[in-house]
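Single-letter residue listing:
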Amino acid sequence: MGLVNPQKSDTTELIQLVSFKVGEEEFGVDILKVQEINKMTVITRVPNAPDFVEGVINLRGRVIPIIDLRKRLGLPQIEHDKNTRIIVVEIANKTIGFIVDAVSEVLRISRDITEKPPALVAGIDADYITAVAKLEDRLLILLDLDKVLTKDETAIVEADN
Amino acid sequence: MDAEQDYSMLQDPEMKEIFDSFLVECREILEQLDLDLVELEKQPKNPELLNKIFRAFHTVKGTSGFLGLVRLMGLTHIAEDLLNRLRKGEMLLNGYVMDGILQAYDAMSALVNVIGTQFNEDYDTSAAAQLLEEILANNGVLSGVQSNAVSEPADEIPDISISDILPAEFEIVAFGGEIPLNSNAAVIETVSLLEEEAVVQHIEQQHKTAKQYTIDSKQDSGKGENNIRVEVKRLDDLLNIVSELVLGRNRLSQVYNEASINYEGTQLVRDLADASRQIDLMTTELQLAVMKTRMIKIGKVFNKFPRVVRDLAKETGKNVELLIHGEETELDKTLIEEINDPLVHLIRNSLDHGIESPERRALAGKNSMGKVILSAEHEGNNIIIMVEDDGGGIDPEKIRDKAISKGIITKDRAKELSRLETFNLLFLPGFSTAEKVTNISGRGVGLDVVKTNVAKLRGVINIESEPGKGTKFLIKLPLTLAIIQGLLVAIEKETVVIPLNSVVEVVRLSRKQIYTIKGHEVIKLRDEVLPLFDVGNILYHLNGDKEKQQWQYVVVVGIADKKFGIKVDFLIGQKEVVIKSLGSYLGTIKGIAGSTIMGDGKVVMILDLAEILHQLI
């Protein structure tokens, strides 16, 4: 529906994004949410933790949980390689790392080129997707990482406790 | 009057410091007052005590007037009047008067709490004030009913020693300085009162020698300089930094170990060894020193209990005496905060279920005065807290019957239980042997909560009881929660820490020494048969081919009174580890006590064996 009737926002405000790849898709998150991007490091498994939690890492003396975005988005697992990155974000005062296949670039886009997402994109529940940005040669899915860890995860974490 | 009363001053940034110190002072006064009041009931004629209590109310009255807290001032004013009569011997202290004072105290502490949290006086103290007025009007004699006097009228005006008057004198000076700042009518009233007293006390003071004066004033000024108040947050930050330093130290010693292999015998390695050793020593010292700053005397918790016991004894109609030992014993602040509730519960339990009624005690040939002993002592890196009563004790048979009737255990199982195991049944959820449910305890939610709370602090609780003689609860707690001694072991490729306090021993067994009973692996260690668990499989779902190995390392752990064997592949060593939480996102995870960062920067899990094994049994 969104594609047929694009609902353009009325501002020409620029937004700055970090774009990364998971599977075939390219995603973008608000740069202000991103604390840092790290290379893959040793992840310690946490027994009895929810399934999508890959484990924890040592981030300069702090222990932070790592979530595999592939698992979270329901994509098949692949071996981590030299392009694999951990995007460390701060969500609701919690520091969490997300594993992504590769980080592409930092880009600045105008809100004008973003659209409300279609109901289904690549099998991902549209809840996580705030918008789709139409770049010249490709589409960028804007992810809301707050929502990536929404109720059902919180529920799982709580049920596990 | 409240509607017109302006409390905006309390939130005025300029007043913040004064208001904060008022709250701290009030709380300190209340804490001490709590103790003194219970003591007063025992020594109703002690003039020093009466003076001290009078001064406590007086101080609160003065400051609250200054801050425009009319309700608090009104209440303390009446209480002060009453105490003034008591200390002058114009009124005698009986149960009726005591109840009035205690009620005033309760209202006052509730009011101070409200003031501290809501910045207003939104708490109704009129009942307490009214009671006090009534007592004053009746001059301490409960009209119509014969009051059960706890004291005889004082024959003469009690002697006031110099030490009693001195602090009051200082106070007056202090308030005198503050008065011009405020034009509040209430304060002026206080001032005139203060001045009146100053004159009286000044005359009294002239009778004392100058020599005493100098000695006392010296002590008083010395006290102030030796202590400073520090925000807990600052201490927490300090502890965090030290924890990081401990990690750094661990890293350094690891680098040294690597260097000593690669560059053996060189001057560089020797220097590194020296430096590393020194850092090691200093870090340990620093860590200890920081830990000490966070230590608080357990008396802070214990001191609340005389009042609790007094009230409960009254409520239940029992005669109970509370003895406190070892209130000087120190432990970490976080523990102090958490241990209060479990102790309140145990004390209530002792009074409600433990101590018998005076009649029953007389029948059993015991002193009609029941005894509850609350004590604390250090034992190595642990603190032992005991709650002991000389009451009816618990009959193990009764516990077994109850457990069977509640369907908690089977009859056959009940027969196998040891004495200690039987007592441990009391800690199971939904277990209560009290025949009648009272509002003090016996709701069936009790000891299990106590146990959970103690376990959260990595402590252990045990019961010893002798029917007819009494019951003893023993709580063993670590001195601190931040750092533990751990045994580092490898389970296949995962490294984990087992808290050393639960490790009994480590053995290496031949595979032939592992037997199977009904599909469960067991080992025979000396005369004991211990269940053997494969934690690697349970936690990490590892299913390595261990059959080929000839030897199996087994860590024997003791949880409560039971022992278990844990299969591990390698023993890496013993290490002091700093516990890091897994963060608020993961929260608490079953079977994991936390994590720690190793010298090489890798995170390893600290196992909560009690929880893991609890799930298995």
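Residues numbered from 1 in each chain as written. Chains lettered and ligands numbered in written order. Predicted model: local features only at pLDDT ≥ 70, side-chain atom pairs only at ≥ 80, totals over all residues. Heavy atoms only, no water.

Chemist: Before we move on, can you summarise the interface of chain A and chain B with the specific residues and values?
Modeler: Contacts between the two partners involve 25 residues from chain A and, on the opposite side, 22 residues from chain B. Of the roughly 2,000 Å² buried between chain A and chain B, counting both surfaces, carbon and sulfur atoms make up 63%. Interface area lost by chain A to chain B is led by Arg45(A), Pro47(A) and Val63(A), which between them contribute 30%. Applying the counting rule to chain A against chain B returns one salt bridge. Residue Arg45(A) pairs with Glu494(B) through a salt bridge whose shortest N-O separation is 3.6 Å. (Contact = heavy atoms within 4.5 Å. Buried area = accessible area lost by both parts, 1.4 Å probe. Salt bridge = Lys/Arg side-chain N within 4 Å of Asp/Glu carboxyl O.)

Chemist: Could you give an account of the sheet that holds strand S8 (residues 483-491) of chain B, naming the residues involved and the relevant values?
Modeler: Residue and element names in this part refer to chain B. With mixed pairing, the five strands of this open sheet are ordered in space as S16-S8-S9-S18-S17. Looking at which strands have only one partner, the edges of the open sheet turn out to be strand S16 (570-578) and strand S17 (592-597). Sheet twist, expressed as the mean angle between neighbouring strand axes with direction ignored, is 35°. Sheet topology note: the strand S9 (residues 494-499)/strand S18 (residues 603-607) ladder contains two bridges and is parallel. Counterpart to Val497 in the pairing with S18 is Ile606. Contacts from helix H9 (residues 232-262) reach S16 and S17 within the one sheet, and its direction differs from that of S16 by about 145°. (Pairing = 2+ DSSP bridges. Helix = DSSP H or I, 4+ residues; strand = E, 2+ residues; numbered from the N terminus. Axes fitted to C-alpha atoms, helices over the stretch in contact; angles between N-to-C directions.)

Chemist: If you had to explain helix H5 (residues 126-138) of chain B to someone new, which residues and values would you point to?
Modeler: Each α-helix turn comprises 3.6 residues. Residues three or four places apart therefore point the same way. Residues and elements named next belong to chain B. Here H5 is 13 residues long and its end C-alpha atoms lie 18 Å apart, about the 18 Å a rise of 1.5 Å per residue gives. Of all the residues in H5, the buried ones are Ala128, Ala129, Leu131, Leu132, Ile135 and Leu136. Within H5, the buried residues cover an arc of 160° as seen down the axis, which keeps them to one side. Away from the buried face of H5 by more than 90 degrees, exposed residues Ala127, Gln130 and Ala137 are located. Remark: Asn139 follows H5 within two positions and exhibits a positive phi of approximately 50°. (Expected span 1.5 Å × (residues − 1). Buried < 20%, exposed > 50% of the residue type's maximum accessible area, 1.4 Å probe, protein only. Arc of directions from axis to C-beta.)

Chemist: Break down the confidence of the model for chain A for me, citing the residues and quoting the values.
Modeler: Residue and element names in this part refer to chain A. Averaged over every residue, the pLDDT of chain A is 79; residues scoring 70 or more account for 80%. Overall, residues 1-9 carries pLDDT values under 50, and its contacts beyond four positions in sequence, including any with other chains, amount to nine contacts. Counting interchain partners and residues more than four positions distant, the pLDDT-below-50 stretch residues 157-161 has ten contacts. (pLDDT = per-residue confidence, 0-100.)

Chemist: Could you give an account of the pattern of salt bridges, with specific residues and numbers?
Modeler: Taken as a whole, this structure holds 31 salt bridges over all chains when the rule is applied. Linking Glu115(A) and Lys134(A) is a salt bridge whose minimum nitrogen-to-oxygen distance equals 2.7 Å. Taken together, the residues Glu115(A) in strand S9 (residues 114-115) and Lys134(A) in strand S12 (residues 129-134) connect sequence positions 19 residues apart. On the basis of relative accessible area, Glu115(A) is assigned to the buried category, the value being 7%. For Lys134(A), a relative accessible area of 39% gives the class partly exposed. For the salt bridge of Asp311(B) with Arg310(B), the shortest nitrogen-to-oxygen distance reads 2.8 Å. For Asp311(B), a relative accessible area of 28% corresponds to the partly exposed category. Relative accessible area serves as the criterion here: at 12%, Arg310(B) is assigned to the buried category.

Chemist: Provide a residue-level description of the confidence of the model for chain B, including the pertinent values.
Modeler: Residues and elements named next belong to chain B. On average, residues of chain B score 77 in pLDDT, and 81% of them are at 70 or above. Mean pLDDT across the elements of chain B bottoms out in helix H6 (residues 162-178) (41) and peaks in S18 (91). Scored below 50 in pLDDT, residues 206-224 shows eleven contacts in the model against residues more than four places distant or in partner chains. Below a pLDDT of 50 lies the segment residues 435-445, which in the model reaches 24 contacts outside its immediate sequence neighbourhood of four places, other chains included. Our summary of model confidence lists the complex with pTM equal to 0.55 and ipTM equal to 0.77.

Chemist: I'd love a proper account of the packing of aromatic side chains, names of residues and values included.
Modeler: The description of two aromatic rings rests on the distance between their centres and on the angle between their planes. All names here are of chain B. Under the criterion given, the structure shown has four aromatic pairs over all chains. Measuring from centroid to centroid gives 5.7 Å for Phe19 and Phe119, while their planes differ by 45°, and the two rings are tilted. Taken together, the positions of Phe19 in helix H1 (residues 16-42) and Phe119 in the loop between helix H4 (95-118) and H5 put the pair 100 residues apart, joining distant regions of the chain. The exposure class assigned to Phe119 is partly exposed, which follows from its relative accessible area of 27%. Arranged with centres 5.8 Å apart and planes meeting at 45°, the rings of Phe533 and Phe564 form a pair that is tilted. Taken together, the positions of Phe533 in strand S13 (residues 528-533) and Phe564 in strand S15 (residues 562-568) put the pair 31 residues apart, joining distant regions of the chain. On the basis of relative accessible area, Phe533 is assigned to the buried category, the value being 16%. (Phe/Tyr/Trp six-rings, centres within 6.5 Å; stacked < 30°, edge-to-face > 60°.)

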